[in-house]
Amino acid sequence: DKFNSIENDADIVVLAGLSSLEGNTWDGAIRFLSYKFNREKNCAFSEINSVSCNSGVTMVRFAGPQNELALSSHDDGCISIFSINGLLYVDSIHAHGASAISTNPMNCSQFISCGWDGAIFSWDWNSVDKNKPLMSISNAHYKHINDISFNPQHESIFCSGGQDGFIRMWDSRIGNNNIYTESAECVNIANNYQAVSCVEWSSSDPFVVLSGTDDGCIHAFDCRVEGRGDLFPAQKIHESGGRIRRICSSNVIFSASDDTTIAASTLHEHTENLTVLERIRKHSDYVTDLSVLYGITGHDTYTVISSSTDKTIHIEQLSFATNES
């Protein structure tokens, strides 16, 4: 098996999504893992439960009011919802692989998915007809969509990044009214001029989107500015140019790359450039996903959890002097 996706909750539970190729067939699993921190830092993961899937897992995220559910996307186009006891719901959503999912931080029952079919769907598992999406956008990008993310402060706004090189910001309301539609309006577009591998809203500004590209660069785009709206020139954070798989934003910007490294960067106030604080290499193959917790083991301490195609999950604790609250 290889770990494709990971998500953490507090300091003790980690979700891992797995993929395994047997002949020409992919299968997978969702694993609920427990980890307890101590001063010796010699704790190992223990498995709480494992649930098999009929296809590989492309992404997994905690969901639900108390983060009691696991939401996953799969390479056969399915979206699944699990509890710690097993499968609750599965449906074939995308015509091709489902590449990414995002839960709505303003409404814990809503989530959104994107896929290699270029489509975007929004769902509410509290709805009467769970098989009917709240919203659907076909051909949202010219090619397949690699990532999608709900805005952390505006529940109707989300962004997507595609293989066509574009970042698109969407609003599911009609104009400025709180009337939700069965589609969404694209309200701004940025062109990165190469494939966008991941997107993440900035923690410091709810209208700034951070994106990673296949050459190891991080871009920042201000959605209030028509056109490119770049906050700073694209910067190669990962020196060997590996595709950036995931960005996690706080006062420190963490990124994971195909070059096997994780980088911690910060925006320099005077030069408006990203400054790399530290690069770590704990994996021997692609770093596929990343999750970051702040302050669990002390002030200014970041707990970085990463997964890789080398079949490992790694936990690293890093300390930086920031103004994080």
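From a predicted model like this one, the values you see are computed outputs, not experimental measurements.

K.L.:
When you look at the sheet that holds strand S21 (residues 244-249) in this model, what are you seeing that I'm missing?
P.N.:
Adjacent strands of a sheet pair through backbone hydrogen bonds, lying either parallel or antiparallel. If you trace the four strands from one edge of the open sheet to the other, you get S21-S22-S23-S24, paired in antiparallel fashion. Two strands bound the open sheet, and with one partner strand each, they are S21 and strand S24 (274-280). The sheet shows a mean angle of 25 degrees between the axes of neighbouring strands, taken without regard to direction. For strand S23 (residues 262-267) and S24, the ladder comprises six bridges, and the chain directions are antiparallel. Looking at S24, one finds that Ile 262 is bridged to Ile 280.

K.L.:
How should I be thinking about the environment of Gly 295 in this particular structure?
P.N.:
Considering the arrangement of structural elements, one finds Gly 295 in the loop between strand S25 (287-294) and strand S26 (301-308). We classify Gly 295 as partly exposed; its relative accessible area is 34%. Along the sequence, Gly 295 and Ser 319 sit 24 residues apart, while their C-alpha atoms lie 9.5 Å from each other.

K.L.:
Can you help me understand unusual backbone geometry in this one?
P.N.:
The general pattern is negative phi for most residues beyond glycine and trans for most peptide bonds. Phi is positive for Thr 260, close to 80 degrees, though the residue is something other than glycine. Here Thr 260 is to be found in the loop between strand S22 (253-257) and S23. Notably, Lys 311 is not glycine yet its phi reads approximately 75 degrees, a positive angle. Residue placement: Lys 311 occurs in the loop between S26 and strand S27 (313-319).

K.L.:
I keep staring at the side chain of Ser 255 and nothing clicks. Help me out?
P.N.:
Its location among the elements puts Ser 255 in strand S22. Accessibility expressed as a relative area gives 0% for Ser 255, which makes it buried. Within the local environment of Ser 255, its side chain forms a polar contact with the side chain of His 238, the two groups lying 2.8 Å apart. The residues touching Ser 255, leaving out its near neighbours within four places in the chain, are Ile 218, Ile 237, His 238, Ile 244, Arg 246, Ile 247, Thr 261, Ile 262, Ala 263 and Leu 290.

About the cut-offs
Residues numbered from 1 in each chain as written. Predicted model: local features only at pLDDT ≥ 70, side-chain atom pairs only at ≥ 80, totals over all residues. Heavy atoms only, no water. Pairing = 2+ DSSP bridges. Helix = DSSP H or I, 4+ residues; strand = E, 2+ residues; numbered from the N terminus. Axes fitted to C-alpha atoms, helices over the stretch in contact; angles between N-to-C directions. Buried < 20%, exposed > 50% of the residue type's maximum accessible area, 1.4 Å probe, protein only. Polar contact = N/O pair within 3.5 Å; in protein donor to acceptor, adjacent residues only side chain to side chain. Contact = heavy atoms within 4.5 Å.

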